[in-house]
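# A look at the structure
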Amino acid sequence: MPQTKPIVSVENVVASADVMQKMDLNEITRTFPDVEYHPDQFPGLVFRLKTPKTATLIFTSGKMVCTGSKSEEMARKAVKTVVQKLRKGGIKVKKDAVVTIQNIVASINLGGKIHLEQAARTLPRSMYEPEQFPGLIHRMLDPKTVILLFSSGKLVCTGAKHEPDVYRSVNNLHALLEEKDLMIYD
């Protein structure tokens, strides 16, 4: 049983969505003056929401990418809100968006230091080159995530598609670090 309980904070959830119809981005720009659309620089339109604080990219294909939310639920809500606002503004959106979570990024504090040199030799599927980057990169197979480990005991977990996968990854890794005596508690 690990000595400390990891403190996990979801920092960003990236979701893709599709309304399965063509979208007229110029019409959206005329209707919503706050959106950002510079087709000469980027093919998508940026639709920002204050609550939940997110940015949703909308493409002419009807596909969308929502970033900035702090949970799966918030990402789904943000896309739903964008579609509702478009409809309210007179933009015809026939179907509700089909939302898929693509990536969850979380920061974690294990509450103790990590012996990175030993961890690099002990953990499978790990890469540690301190001259290049101060963290150890660990690729977990189940759940399929990538975790950056820093000697401070802080971690960054990325690649999860569901929030429980973040916790499972972190707890699996924490237990392994303890089992292999790679944690240092003051």
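Owing to the predicted nature of the structure, the values given are computational and were not obtained by experimental measurement.

Taken in spatial order, the 10 strands line up as S2-S3-S4-S5-S1-S6-S11-S10-S9-S8 in an open sheet, and their pairing is antiparallel. Strand pairing shows two members of the sheet lacking a second neighbour, strand S2 (36-37) and strand S8 (126-127), which therefore form its edges. Relative to strand S5 (residues 63-69), strand S1 (residues 7-18) is paired through 5 bridges, and the arrangement is antiparallel. In the strand pairing of S5, Ser16 is matched with Val65.

Residue position: Thr145 is located in strand S10 (residues 145-149). Not counting residues within four places of it along the chain, the set of residues in contact with Thr145 comprises His138, Arg139, Met140, Cys157, Thr158, Gly159, Ala160 and Ser169.

Within the structure shown, the criterion is met by 3 aromatic pairs. When the ring of Phe133 is compared with that of Phe150, the centres are 5.8 Å apart and the planes differ by 70°; the resulting orientation is edge-to-face. Here Phe150 lies in the loop between S10 and strand S11 (154-160) and Phe133 lies in the loop between S8 and strand S9 (136-140), a separation of 17 residues in the sequence.

Each assigned domain of the chain is listed with its residue range as follows: domain 1 (14-101) and domain 2 (110-184). Taking only C-alpha atoms into account, the centre of domain 1 sits 35 Å from that of domain 2.

Let's shift gears to the pattern of salt bridges. Evaluated as defined, the whole model comprises 8 salt bridges. One salt bridge connects Arg168 with Asp165, and the closest N-O pair in it is separated by 3.8 Å. Remark: Asp165 and Arg168 occur in helix H4 (residues 163-179); sequence separation between them is 3 residues, near one turn of the helix. With relative accessibility at 19%, the residue Asp165 sits in the buried group. Beyond isolated ion pairs, a larger network of salt bridges with shared partners links Asp142, Asp165 and Arg168.

So, on to the side chain of Ser69. Tracing the backbone through its elements, the reader meets Ser69 in strand S5. Take Ser69: its relative accessible area is 0%, and that puts it in the buried class.

With 17 residues, helix H2 (residues 72-88) should cover 24 Å at 1.5 Å per step; its first-to-last C-alpha distance of 24 Å lies within 8% of that length. Burial in H2 covers these residues: Glu72, Ala75, Ala78, Val79, Thr81, Val82, Val83 and Leu86. Downstream of H2 by one or two residues, Gly90 has phi in the positive range, about 90°.

Across all of its chains, the model carries 0 disulfides by this definition. This cysteine, Cys66, is not joined by any disulfide, and Cys157 carries the nearest cysteine sulfur, 19 Å off.

The next point concerns H4. Taking 1.5 Å of rise per residue, the 17 residues of H4 would be expected to cover 24 Å, and the 25 Å separating its terminal C-alpha atoms lies within 8% of that figure. Residues Asp165, Val166, Ser169, Val170, Leu173, His174, Leu177 and Glu178 constitute the buried set of H4. Downstream of H4 by a residue or two, Asp181 has a phi angle that is positive, lying close to 60°.

Rules and cut-offs
- Residues numbered from 1 in each chain as written.
- Predicted model: local features only at pLDDT ≥ 70, side-chain atom pairs only at ≥ 80, totals over all residues.
- Heavy atoms only, no water.
- Pairing = 2+ DSSP bridges.
- Helix = DSSP H or I, 4+ residues; strand = E, 2+ residues; numbered from the N terminus.
- Contact = heavy atoms within 4.5 Å.
- Phe/Tyr/Trp six-rings, centres within 6.5 Å; stacked < 30°, edge-to-face > 60°.
- Domains from an automatic or database assignment.
- Salt bridge = Lys/Arg side-chain N within 4 Å of Asp/Glu carboxyl O.
- Buried < 20%, exposed > 50% of the residue type's maximum accessible area, 1.4 Å probe, protein only.
- Expected span 1.5 Å × (residues − 1).
- Disulfide = S-S within 2.5 Å.

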